[in-house]
Amino acid sequence: MNQDFRNDGPRKVGQVKEVTSLANPIVKDIKALTVKKSREESGAFLAEGLKLVIDALELGWTIRTLVYAKAAKGKPLVEQVAAKTVAAGGLVLEVSEKVIGSITRRDNPQMVVGVFEQRWRPLRDVKPKEGETWVALDRVRDPGNLGTIIRTADAAGASGVILVGETTDPFSLETVRATMGSVFAVPVVKATPEEFLAWKRKADVSVVATHLAGAVDYRTIDYKRKPVVILMGNEQSGLPDALAKEADALARIPQAGRADSLNLAVATAVMLFEARRHILTLSETR
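Each value, and the rule that gives it
- Residues numbered from 1 in each chain as written.
- Predicted model: local features only at pLDDT ≥ 70, side-chain atom pairs only at ≥ 80, totals over all residues.
- Heavy atoms only, no water.
- Helix = DSSP H or I, 4+ residues; strand = E, 2+ residues; numbered from the N terminus.
- Rg over C-alpha atoms; globule rule 2.2 N^0.38 Å.
- Contact = heavy atoms within 4.5 Å.
- Areas by Shrake-Rupley, 256 points an atom, 1.4 Å probe, with all protein chains shown as cover.
- Lys, Arg positive; Asp, Glu negative; His and termini not counted.
- Charge placed at Lys NZ, Arg CZ, Asp CG, Glu CD.
- Phe/Tyr/Trp six-rings, centres within 6.5 Å; stacked < 30°, edge-to-face > 60°.
- Buried < 20%, exposed > 50% of the residue type's maximum accessible area, 1.4 Å probe, protein only.
- Lys NZ or Arg CZ within 6 Å of the ring centre and 35° of its normal.
- Axes fitted to C-alpha atoms, helices over the stretch in contact; angles between N-to-C directions.
- Parallel < 35°, antiparallel > 145°, perpendicular 65-115°, else oblique.
- Left-handed = near helix turned anticlockwise from the far one by under 90°.
- Nonpolar A, V, L, I, M, F, W, Y, C, P; charged D, E, K, R; others polar.
- Core = buried A, V, L, I, M, F, W, Y, C linked by side-chain atoms within 4.5 Å.
- Pairing = 2+ DSSP bridges.
- Arc of directions from axis to C-beta.

A. The arrangement of the overall build of the protein chain in detail. Counting secondary structure elements, the protein chain contains ten helices and twelve strands. Scaling as 2.2 N^0.38, a compact globule of 286 residues should have a C-alpha radius of gyration of about 19 Å, and the protein chain matches this with 21 Å. Seen through its C-alpha atoms, the protein chain measures out along the principal axes to roughly 60 × 40 × 40 Å. A fraction of 80% describes how many contacts in the protein chain between residues 6 or more apart in sequence connect residues 24 or more apart. Only carbon and sulfur atoms are counted for the fraction: they give 50% of the accessible area of the protein chain, which is about 14000 Å². Of the charged side chains in the protein chain, 41 are positive and 35 negative, and the gap between their average positions amounts to 2 Å.

B. Examining the packing of aromatic side chains more closely. Considering all chains together, one arrives at nine aromatic pairs under this definition. Ring geometry for Trp-120 versus Phe-171: centroids 5.3 Å apart, planes at 80°, classification edge-to-face. Placement of the pair is Trp-120 in the loop between β5 (112-117) and β6 (133-138) and Phe-171 in the loop between β7 (160-164) and α7 (173-179), with a sequence separation of 51 residues. Take Phe-171: its relative accessible area is 1%, and that puts it in the buried class. A network of ring pairs unites the aromatic residues Phe-45, Trp-61, Phe-116, Trp-120, Phe-171 and Phe-184 as a single cluster. Seen from the ring of Trp-120, Lys-190 lies directly overhead, with NZ or CZ sitting 4.3 Å from the centre.

C. Summary view of the packing of helix α6 (residues 143-156) against helix α10 (residues 264-275). Here α6 crosses α10 at 15°, and the two axes come no closer than 9 Å. Here α10 runs roughly parallel to α6, going by the angle between their axes. The handedness of the crossing between α6 and α10 comes out as right-handed. Here Asn-145, Thr-148, Ile-149, Thr-152, Ala-153, Ala-155 and Ala-156 of α6 come into contact with α10, specifically with Leu-264, Ala-265, Thr-268, Ala-269, Leu-272 and Phe-273. Tallied by class, the residues present in the contact of α6 with α10 amount to nine nonpolar, four polar and no charged.

D. Up close: the nonpolar core. Counting 29 residues, the largest nonpolar core has Leu-137, Val-161, Val-208, Tyr-223, Ile-230 and Met-271 as the members making the most contacts within it. Contributing elements (two or more residues each) for this core: β6, α6, β7, β11 (228-232), β12 (249-252) and α10. In terms of residue count, the dominant contributor to this core is α10 (six residues). Residues in contact with Met-271, not counting those within four places in the same chain, are Val-208, Thr-210, Tyr-218, Tyr-223, Ile-230, Met-232, Ala-251 and Ile-253.

E. Just the sheet that holds β12, in detail. What the seven strands build is an open sheet, ordered β8-β7-β6-β11-β9-β12-β10; its pairing is parallel. The sheet terminates laterally at β8 (188-191) and β10 (216-217), the two strands that pair on one side only. With three bridges connecting them, strand β9 (residues 206-210) and β12 associate as parallel partners. Note on β12: the bridge partner recorded for Val-208 is Ala-249. Along the sheet, α10 contacts β6, β9, β11 and β12; its crossing angle with β11, the most-contacted strand, is approximately 165°.

F. Structural detail: helix α8 (residues 193-202). By the burial criterion, the buried members of α8 are Phe-196, Leu-197, Trp-199 and Lys-200. The arc that holds the buried residues of α8, viewed along the axis, is 160°, so those residues lie on one side. Structural note: α8 exposes Glu-194, Arg-201 and Lys-202 on the side pointing more than 90 degrees away from its buried face.

Below is the structure:
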């Protein structure tokens, strides 16, 4: 990748660069971040929209490059974000609408895009305390589901999301869009099934898994006794036996009607808000 982008490469500190060509090498590198391999190699990802960029900067995320369309030039908030990017040693690009549209792959693109460094929480650092709730997702495949779950975890006051096995990328453009900025507020962890189970045996947590063979109504489980990990299975195949048998409770959500299952993000939301019912009050809402 272009040197402006790599962790070990020099940055053009304090520079505002005007770009109108789709062939510009920096633009090509930014566009490459829509591909998982490029995100993994560079450790970077894209966030669209001024609100998301402001949220990320306020929460201390490292910005590498700020891209804004000419139409956004001069707007006070855009100028402030540009100044913060320069102060942080990042690169600022002023581009044509054609260029920003090609980066986001949208006909009506956002006027501002940020390139940020990815941030992962190591599993060994996750030590749930009393009153905490975590979500663990086994092989979640749909970016929309993952993004919605991260957003829901944020809304419910969960402490983080643990991705188990081969999952969709939380830093893909589609997932970040679906989080509506919550990706910057909710710690994300990745682990193999073996690592997750080893961690579970040492951590003093109660793992509550949803499972078709679940014998317990999810509303009857004691979510107060220990920190809780809500364990959810893959969209198509559910939880594998190796994970299900290690759960402290196998839960089911009672259903009526013709539908035989819930969408993963919806089921996770139902479980999360029940697990945190004893903690959440209306006085805490914004």
